[in-house]
Amino acid sequence: MKNKFYAYIQQLQDTITAKLEEVDGSAKFRQDIWERPEGGGGRTRVIENGAVFEKGGVNISAVHGALAPAMQKYFNVGDVDFFACGLSLVLHPKNPMVPTVHANWRYFEMYDKQGNVVDSWFGGGQDLTPYYLFDEDAVHFHQTCKTVCDAHNPEFFATFKKQCDGYFWNAHRNEARGVGGLFFDHCKATETFSMEDWYNFVTAVGNSFLEAYVPIVERRKDLAYTPDNRTWQEIRRGRYVEFNLVHDKGTLFGLKTNGRIESILMSLPPHVQWVYDHHPEAGSEEERLINVLANPVDWV
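Below or above, wherever it landed, is the structure these notes cover. Positions within a chain are numbered from 1, following the residues in the order the chain's sequence is written. The predicted nature of this model means local features are confined to residues of pLDDT at least 70 and side-chain atom pairs, given and counted, to a pLDDT of 80 or more, with totals for whole chains, interfaces and linings taken over all residues. Heavy atoms from the whole structure form the basis of all side-chain values; hydrogens and water molecules are not counted.

1. Quick word on the environment of N258
Working step 1: Its place among the elements puts N258 in the loop between α7 (249–256) and α8 (261–264).
Working step 2: Taking relative accessible area as the criterion, N258 reaches 44% and is therefore assigned partly exposed.
Working step 3: In this structure, the C-alpha to C-alpha distance between N258 and A158, residues 100 residues apart in sequence, is 35 Å. Helix numbers and strand numbers start at the N terminus; a helix is a DSSP run of H or I with at least 4 residues, a strand a run of E with at least 2. Only protein chains enter the area calculation, which uses a 1.4 Å probe; residues under 20% of their type maximum are buried, those over 50% are exposed, and those in between are partly exposed.

Here is the structure:
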């Protein structure tokens, strides 16, 4: 399974980066191949200063070795070895009318000292973070997610949408990071749903990403915007940074397992503002966004 899923994310990285370069029309992804001293490595691809994407990354990695003590405690296990592979992407567009997007699909195995697999699971999801809220964009993103989920289990979308709203919650701000999407983790085999079934589901979600996001980019990338719109985007990006550095489990795992720091912090936007005690104008589009983020919406 680990070889099968790693082959899949290699292909998916190629598919996604090729399409995003086409959408941008100017910038190309820079590639870094890196190795982790303890075992494994990855292929980082970053795009910067494009016509559409100000900064973004589509990264794959496959790392293995002894599980660090901090992560043993987190998983509540003893001295075990692990293998983890996944694709993680974040795209920060230049135009404030185009939402930021994040997605991740991953597979994890844990072994005893004889090399036997003692646990394995899938995780992942995709979520949308707009700066200016176009309801039809949120509906499109969620409908794409729902269509994929419904093909595998009619209960998946409601469950994983709720988990997404719960996970991407900036508790210290009492607001959502964005308008959500899907989030699932520790997806293990059951009597009715095998690891092969989970593989088919997770890869179907991965394959749906471009369909979920690119039409939104195409609709919004050429819209006019003002310096004030740009300032608001940078203030909201600050909340994105706060979530990734304070709450995100993927960032934590990378930092605790001697991950490659440049790849881990690739998710951070290039231009951000923190304005003291900032509040949007009453009745503005900015205030409407804040109100929606305070109470997650069922978009479909």
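On we go.
2. A look at the packing of aromatic side chains
Working step 1: To pair, rings of Phe, Tyr and Trp, with the six-membered ring standing in for Trp, must have centres within 6.5 Å; the planes then decide the type, stacked if under 30 degrees apart, edge-to-face if over 60, and tilted in the middle. All told, the structure shown has 26 aromatic pairs when counted by the stated rule.
Working step 2: Taken together, a centroid distance of 5.3 Å and an interplanar angle of 10 degrees make the contact between F156 and W198 stacked. One end of the pair, F156, is in helix α4 (residues 156–167); the other, W198, is in helix α5 (residues 195–220), with 42 residues separating them in the sequence. Each member of the pair, F156 together with W198, is buried.
Working step 3: Feature note: the residues F156, F160, F184, F193, W198 and F201 constitute an aromatic cluster, connected by ring pairs.
Working step 4: Whether a charge sits over a ring depends on NZ of Lys or CZ of Arg being within 6 Å of the ring centre and within 35 degrees of the ring normal. Sitting over the ring of F134, R220 keeps its end group 3.9 Å from the ring centre.

3. Remarks on the nonpolar core
Working step 1: Residues grouped as a nonpolar core are buried Ala, Val, Leu, Ile, Met, Phe, Trp, Tyr and Cys residues, joined through side-chain atoms within 4.5 Å. With 64 residues, the main nonpolar core has F5, L89, W105 and F209 as its most contacted residues.
Working step 2: Core analysis: the second largest hydrophobic core is formed by 12 residues, W34, F75, A84 and W121 among them.

4. Some thoughts on α5
Working step 1: Every helix has an expected span of 1.5 Å times one less than the residues it contains. Along its 26 residues, α5 runs 38 Å from first to last C-alpha, staying within 8% of the 38 Å computed at 1.5 Å per residue.
Working step 2: Think of it this way: the bend at a residue is just the angle between two axes, each fitted to seven residues, one set ending at that residue and the other starting at it. The sharpest bend along α5 reaches about 35 degrees and sits at S208.

5. A short note on the pattern of salt bridges
Working step 1: Should a side-chain nitrogen of Lys or Arg be within 4 Å of a carboxyl oxygen of Asp or Glu, the pair is scored as a salt bridge. For the coordinates displayed, the defined rule picks out 29 salt bridges.
Working step 2: For E136, the salt bridge identified is with R220, shortest N-O distance 3.2 Å. Taken together, the positions of E136 in helix α3 (residues 135–150) and R220 in helix α5 put the pair 84 residues apart, joining distant regions of the chain.
Working step 3: Residue R220 is classed as buried on the basis of its relative accessible area of 7%.
Working step 4: Ionic contacts of the salt-bridge type, sharing partners, join the residues E54, R230, E234 and R237 into one network.

6. Observations concerning the packing of α3 against α4
Packed helix pairs are characterised by how far apart their axes lie and by the angle those axes make with each other.
Working step 1: In the contact formed by α3 and α4, the axes pass within 8 Å of each other and the chain directions differ by 130 degrees. Between α3 and α4, the interaxial angle falls into the category oblique. Touching H142, C145, K146, C149 and D150 of α3 are F156, F157 and K161, all from α4. Axis definition: a line fitted to C-alpha atoms, over the contacting stretch in the case of helices. Angles run 0 to 180 degrees between N-to-C directions. Angle categories: roughly parallel below 35 degrees, roughly antiparallel above 145, roughly perpendicular from 65 to 115, and oblique for all the rest. What makes two residues a contact is simply this: any of their non-hydrogen atoms within 4.5 Å.

7. Thoughts on the sheet that holds strand β1 (residues 30–35)
In a beta sheet, neighbouring strands are held together by backbone hydrogen bonds and run either parallel or antiparallel to one another.
Working step 1: Here, strands pair whenever DSSP counts at least two bridges between them. Taken in spatial order, the seven strands line up as β1-β2-β3-β4-β5-β6-β9 in an open sheet, and their pairing is antiparallel. Looking at strand neighbours, the two that pair on one side only are β1 and β9 (180–187), the edges of this open sheet. Adjacent strand axes in the sheet meet at a mean angle of 5 degrees when their direction is disregarded.
Working step 2: Two strands pair when backbone bridges link them, and strand β3 (residues 53–66) and strand β4 (residues 81–93) are joined in this way by 13 bridges, in the antiparallel orientation. Pairing of G65 across the sheet is with F82, part of β4.
Working step 3: The strands that α4 touches are β6 (117–129) and β9; relative to β9, the one it contacts most, it runs at about 100 degrees.
Working step 4: Sitting on the sheet, helix α6 (residues 227–246) is in contact with β3, β4, β5 (100–111) and β6, with an inclination near 165 degrees to β4.

8. Some remarks on the state of the cysteines
Working step 1: A pair of cysteine sulfur atoms is labelled a disulfide when the two atoms are within 2.5 Å. All chains considered together, the criterion is met by zero disulfides.
Working step 2: The cysteine C145 is free of any disulfide, with C149 supplying the nearest cysteine sulfur at 6.7 Å.

9. A word on the side chain of R36
Working step 1: Locating R36 in the fold gives a position in the loop between β1 and β2 (40–48).
Working step 2: The buried category is assigned to R36, whose relative accessible area is 9%.
Working step 3: Two N or O atoms form a polar contact when they lie within 3.5 Å of each other; inside protein one atom must be a possible hydrogen donor and the other a possible acceptor, and for residues adjacent in sequence the pair counts only when both atoms belong to side chains. Within the local environment of R36, its side chain forms a polar contact with the backbone oxygen of H64, the two atoms lying 2.8 Å apart.
Working step 4: Excluding its chain neighbours within four sequence positions, the residues that come into contact with R36 are G41, V63, H64, F82, T257 and N258.

10. Some remarks on the environment of A224
Working step 1: When you line up the elements, A224 lands in the loop between α5 and α6.
Working step 2: Exposure remark for A224: the relative accessible area of 71% places this residue in the exposed category.
Working step 3: Spatially, the C-alpha atom of A224 lies 38 Å from that of F156, the residues being 68 residues apart in sequence.

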